[in-house]
Structure formats: structure tokens, C-alpha cells
Amino acid sequence: QVQLVESGGGLVQPGGSLRVSCVLSGSIFSLYAMGWYRQAPGKQRELVADITSGGTTNYVDSVKGRFTISRDNAKSTVYLQMNSLKPEDTAVYYCNAKRVLRSTTTYYWGQGTQVTVSS
């Protein structure tokens, strides 16, 4: 049973930094592409950044240059370093794991961690 557990959310002032982490258990981490999504109140969940098993990264335009996604396969952990935070970054941040096996794609989600950017 794959489980994802996020940590590291909290309250930060505009311009500040925060790092959220997500640990995968129950499977082999290196088999999964990992991603961070976020959902603000009244809005749809959106992809923030993702990273393939080989380390290729992708970011939504609104966070490029401010956020960095990385992974540590030895620790089964994916990170999202968030710098120069803005109030519009306030959301619940969800970790996602994706595995493609033959023609089947399977997704797993964490429970989410709240990030609030406010003075």
C-alpha cells in the first residue's frame, strides 16, 4: 500500500521561504514520477511542479524562478523549496506520485499540508 506523508507547511510572511517534504512508503520510490499540486479555497487543484524518476523538472509559470522541486531517492522523499512567497501562493499543497506500468497509470495522493502566506 503506497502512502504519501507531507510535512513542512505553515505560516510565512510575504517574501519568505518554506520547504515542504513528502515521504513515500510501501513501494520503490525511484519508480515514480513525483509532483506537487496545490488547491486554494474556491479554486481547482493545479500542478505546481513535477519531477520524473530521471530528475527532469517542470514548473507552472507562476512559480518559475521561485520554487524548486527535488528528490532524494535514498530517502524516498520529494521536496518543494518555495522562495519569495506571495499571498497568492496560499493553498493546501498536495504530494502526488505517478507510476506508468504498461498501459496503466496509477496516481497516489498525500493528505495535504497548508501553506499560508500572510503578514
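Residues numbered from 1 in each chain as written. Predicted model: local features only at pLDDT ≥ 70, side-chain atom pairs only at ≥ 80, totals over all residues. Heavy atoms only, no water.

Student: Can you explain the state of the cysteines? Please cite residues and give values.
Tutor: Inspection of the entire model under this criterion finds 1 disulfide. In this model C22 forms its disulfide with C95; the gap between the sulfur atoms is 2.1 Å. Looking down the S-S bond of the C22 and C95 bridge, the torsion is -80°, so its handedness is left-handed. Of the two residues, C22 sits in strand 3 (residues 18–25) while C95 sits in strand 9 (residues 91–101), which places them 73 residues apart along the sequence. Taking the relative accessible area as the measure of exposure, C22 reaches 0% and is therefore buried. Note on C95: relative accessible area 0%, which makes it buried. (Disulfide = S-S within 2.5 Å. Helix = DSSP H or I, 4+ residues; strand = E, 2+ residues; numbered from the N terminus. Buried < 20%, exposed > 50% of the residue type's maximum accessible area, 1.4 Å probe, protein only.)

Student: Give me the sheet that holds strand 3: which residues, what numbers.
Tutor: The strand order across the open sheet built from 4 strands is 1-3-8-7, with neighbouring strands paired in antiparallel fashion. Taken across any chain shown, the strands that pair with only one partner, and hence form the sheet edges, are strand 1 (3–7) and strand 7 (67–72). Averaged over all pairs of adjacent strands, the angle between their axes in this sheet comes to 15°, without regard to strand direction. Across 6 bridges, the pairing between strand 7 and strand 8 (residues 77–82) is antiparallel. (Pairing = 2+ DSSP bridges. Axes fitted to C-alpha atoms, helices over the stretch in contact; angles between N-to-C directions.)

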